[in-house]
Amino acid sequence: MLRFLDAGESHGKSIIAILDGFPSNVKIDIDNINFQLARRQKGYGRGARMKIESDKIEVISGIRGGLTTGAPICVAINNKDYENWSKNIDGDKLEEIDKIIVPRPGHADLCGALKYELDDIRNVIERASARETSIRVAIGAICMELFLNFNVIITSRVISIGEIYDNCDIYLNNSEVFSTIEESPLRCFSKEIEERMLREIDKAKELGDTLGGTVEVSAYNIPCGLGSYTSYDKRMDYNIAGALMSIQGVKAIEFGNGINSSKSYGSKANDEIIFRDNNYHRSTNNAGGIEGGMSNGMPITARVYMKPIPTTKIGNATVDLNGVNTISRYERSDVCVVPALGVVCEGVMCFELAKAFLDKFSGDSLGDVKYSYDNYIKRIAGR
Ligand SMILES: Cc1cc2nc3c(=O)[nH]c(=O)nc-3n(C[C@H](O)[C@H](O)[C@H](O)COP(=O)(O)O)c2cc1C
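Conventions used here
Residues numbered from 1 in each chain as written. Predicted model: local features only at pLDDT ≥ 70, side-chain atom pairs only at ≥ 80, totals over all residues. Heavy atoms only, no water. Pairing = 2+ DSSP bridges. Helix = DSSP H or I, 4+ residues; strand = E, 2+ residues; numbered from the N terminus. Axes fitted to C-alpha atoms, helices over the stretch in contact; angles between N-to-C directions. Parallel < 35°, antiparallel > 145°, perpendicular 65-115°, else oblique. Left-handed = near helix turned anticlockwise from the far one by under 90°. Contact = heavy atoms within 4.5 Å. Nonpolar A, V, L, I, M, F, W, Y, C, P; charged D, E, K, R; others polar. Polar contact = N/O pair within 3.5 Å; in protein donor to acceptor, adjacent residues only side chain to side chain. Near = heavy atom within 4 Å. Areas by Shrake-Rupley, 256 points an atom, 1.4 Å probe, with all protein chains shown as cover. Phe/Tyr/Trp six-rings, centres within 6.5 Å; stacked < 30°, edge-to-face > 60°. Buried < 20%, exposed > 50% of the residue type's maximum accessible area, 1.4 Å probe, protein only. Lys NZ or Arg CZ within 6 Å of the ring centre and 35° of its normal. Core = buried A, V, L, I, M, F, W, Y, C linked by side-chain atoms within 4.5 Å.

Trainee: Quick question: what am I supposed to make of the sheet that holds strand β8 (residues 164-165) here?
Mentor: What links the strands of a sheet is backbone hydrogen bonding, and the strands pair in either a parallel or an antiparallel sense. One open sheet holds the 5 strands; their spatial order is β8-β7-β9-β15-β10, and the pairing between them is antiparallel. Only two strands of the sheet have a single neighbouring strand rather than two, namely β8 and β10 (250-255). Relative to strand β15 (residues 300-306), β10 runs antiparallel, the two being bridged by 5 bridges. Looking at the pairing, F255 lines up with A302 of β15.

Structure below.
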């Protein structure tokens with residue numbers, strides 16, 4: 001089974017992960033992984049930290065001569081900001097530093113301090129921070145190296161920032177569309193709507209406030225039959241939705257046309273089955289590529305809804321750990337991270353799909369996985 005575990009604090013030395021269950025002989029191009037890390041750091045609305053950090057992956061184990069060995073892959077992203085923060089993080093000097101006792105609403109601060117019996121909220125902030133998404137992007141990028149062998153493409157775009165929507169229906173698996181989105185500072189398709197979104201972010205910044213929004217993430221060329229209807233925890237939608245929901249700030253997920261489907265007739269919501277080129281297809285993709293917990297061969301598409309960044313200059317009423325009423329404090333923070341969210345969602349979806357892919361086409365080496373994949377594709381095409 002493909003799995004990973006990560007560790008590390010936002011301003012600690014490094015964020016690391018161990019990826020276990022990855023087949024041998026997969027070519028890993030470190031530049032591709034660093035490229036994904038750089039994409040996560042871009043986007044209009046990010047704070048000053050993104051100028052300090054320029055994330056790069058360090059491989060500790062599991063890759064030799066550019067190929068995976070089949071052993072656990074351990075990777076690290078070192079925090080450049082650590083040098084500036086080491087006196088706040090290193091054990092022997094902590095008494096010199098003021099403790100954080102004012103919890104920010106919308107963050108893990110209060111529940112984390114109560115749950116872990118901490119009198120310094122810094123311990124919560126450091127691990128609850130979305131800095132952790134950098135390693136999830138790295139893990140997704142490693143899984144993408146596997147998928148390069150199977151023509152799988154995973155991509156995303158920004159659909160909304162605050163109240164401004166770019167709701168046009170576009171097929172993301174197209175190089176021109178991809179370039180337009182990548183060149184946009186908001187990873188949004190429409191230039192005209194991008195302009196309005198930029199102004200909306202500027203306005204929020206002037207007000208000392210923040211914004212959320214929505215991204216669409218899609219996976220192409222996923223064969224029919226990943227995941228299963230046989231048990232709740234094998235269902236693809238259960239796994240992908242859970243993983244996307246675990247991204248910091250995400251509050252809702254929609255597969256395909258889920259919200260509109262809930263308002264329409266069954267006969268309109270179903271994706272009709274057609275047979276073409278010796279294969280089954282669907283005339284529409286309202287289900288977002290998942291039926292009965294399994295991929296159905298259509299693109300897997302999810303919309304991911306993010307709340308506004310909770311740290312604001314304006315602040316909110318709160319109560320400190322001594323029970324005194326006060327206003328939440330401000331610490332260097334982003335105004336809007338929806339463009340980065342898209343990149344994180346790609347990585348998170350990529351890992352979940354790789355897990356389901358390797359469950360179906362299990363093998364210790366890339367050759368074994370390919371053999372199993374080819375046989376299956378031949379079998380279902382012949383039906
Ligand atoms: C890429 C990314 C960057 C983020 N940056 C910030 C930030 O600078 N300031 C902040 O308050 N929240 C930021 N967040 C959101 C918080 O981490 C998140 O709202 C918080 O941890 C509480 O988690 P929850 O909203 O899932 O309950 C970011 C989220 C992501 C995905």
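Trainee: What's the story with the packing of helix α6 (residues 133-147) against helix α12 (residues 338-360) in this structure? I'm lost.
Mentor: When two helices pack together, their arrangement is given by the angle between the helix axes and the distance between those axes. Close contact between α6 and α12 brings their axes to 7 Å; oriented N to C, the two are set at 50 degrees. Classed by the angle they form, the pair α6 and α12 counts as oblique. Remark: the crossing between α6 and α12 carries left-handed chirality. Residues T133, R136, V137, I139, G140, C143, M144, L146 and F147 of α6 lie in contact with α12, whose contacting residues are V343, V344, G347, V348, C350, F351, L353, A354, F357 and L358. Here the residues of the contact of α6 with α12 sort into 15 nonpolar, 3 polar and 1 charged.

Trainee: Could you clarify how one ought to interpret the environment of Y305 in this entry?
Mentor: Here Y305 shows up in strand β15. Leave out the neighbours within four places in its chain, and Y305 touches G213, T214, G249, V250, K251, A252, I253, E254 and I259. Here E254 takes part through its side chain, which lies 2.9 Å from a polar atom of the side chain of Y305.

Trainee: Even after reading the chapter, I still don't get the sheet that holds strand β1 (residues 3-8), so can you show me in this structure?
Mentor: Read from one edge to the other, the open sheet built from 4 strands follows the order β1-β2-β6-β3, with strand pairing classed as antiparallel. At either margin of the open sheet sits one strand with a lone partner, and together these are β1 and β3 (57-61). In this sheet, neighbouring strand axes are inclined to one another by 20 degrees on average, regardless of whether the strands run parallel or antiparallel. Note that β1 and strand β2 (residues 14-20) share 6 bridges and pair antiparallel. Along β2, the bridge assignment pairs F4 with L19. The strands that helix α1 (residues 30-41) touches are β3 and β6 (73-78); relative to β3, the one it contacts most, it runs at about 130 degrees.

Trainee: Got a minute to help me understand the packing of α1 against α6 in this structure?
Mentor: As a packed pair, α1 and α6 sit with axes 9 Å apart at the nearest point and diverge in direction by 140 degrees. If you check the angle between α1 and α6, you find them oblique. Like other packed secondary-structure pairs, α1 and α6 cross with a definite hand, here right-handed. For the pair α1 and α6, the contacting residues are N32, I33, Q36, L37 and R40 in the first and T133, S134, V137, A138, A141, I142 and E145 in the second.

Trainee: Teacher, can you tell me more about the site of the ligand here?
Mentor: Every one of the 17 residues lining the ligand counts as a neighbour, but H107, G249, K307, T311 and S333 are closest to it. At a separation of 2.9 Å, an oxygen atom of the ligand approaches a polar backbone atom of D334. For the ligand, whose unbound accessible area comes to 630 Å², protein coverage reaches 85%. Grouping the amino acids of the shell around the ligand by side-chain chemistry returns 7 nonpolar, 6 polar and 4 charged.

Trainee: So what exactly am I meant to see when it comes to the pairing of strand β12 (residues 279-282) here?
Mentor: Looking down a regular strand, the side chains alternate between one sheet face and the other. Bridge count for strand β11 (residues 273-276) against β12 is 4 bridges, and the pairing is antiparallel. What sits directly across from I274, in β12, is H281. Between β11 and β12, which pair antiparallel and follow one another directly, the connecting turn spans 2 residues, one of which, D277, has a positive phi of 50 degrees.

Trainee: How do you make sense of the packing of aromatic side chains when you look at a structure like this?
Mentor: Aromatic rings in a pair are described by how distant their centres are and how their planes are angled relative to each other. On inspection of all chains with the given rule, the structure shows 11 aromatic pairs. Arranged with centres 5.7 Å apart and planes meeting at 35 degrees, the rings of F357 and Y373 form a pair that is tilted. Of this pair, F357 sits in helix α12 while Y373 sits in helix α13 (residues 366-381), and the two are 16 residues apart along the sequence. Classification of F357 by relative accessible area gives buried; the value is 0%. The structure contains a cluster of three or more aromatic residues connected by ring pairs, namely F147, F150, F357, F361, Y373 and Y376. The positively charged end of K360 is found above the aromatic ring belonging to Y376, 3.9 Å away from the centroid.

Trainee: Hey, could you run me through the pairing of β15 in this one?
Mentor: Most of β15 is tucked away, with 6 of its 7 residues classed as buried. Here strand β9 (residues 213-220) runs beside β15; their pairing, made up of 7 bridges, is antiparallel. Residue pairing across strands places V217 opposite A302, the latter belonging to β15.

Trainee: Which parts of the structure should I look at to understand the nonpolar core?
Mentor: As a rule of thumb, nonpolar side chains are buried together in soluble globular proteins. Core analysis: the biggest nonpolar cluster contains 79 residues, and F22, I161, I240, I300 and L353 have the highest contact counts within it. The dominant element in this core, judged by the number of residues it contributes, is α12, at 14 residues.

Trainee: Help me understand the environment of I73, please; the structure alone is not making it clear to me.
Mentor: Relative to the helices and strands, I73 resides in strand β6. Taking relative accessible area as the criterion, I73 reaches 1% and is therefore assigned buried. Counting along the chain gives 61 residues from I73 to S134, while the straight-line C-alpha distance between them is 16 Å. Contacts of I73, omitting those with residues within four sequence positions, involve A17, I18, L19, F22, S61, G62, I63, T68 and I142.

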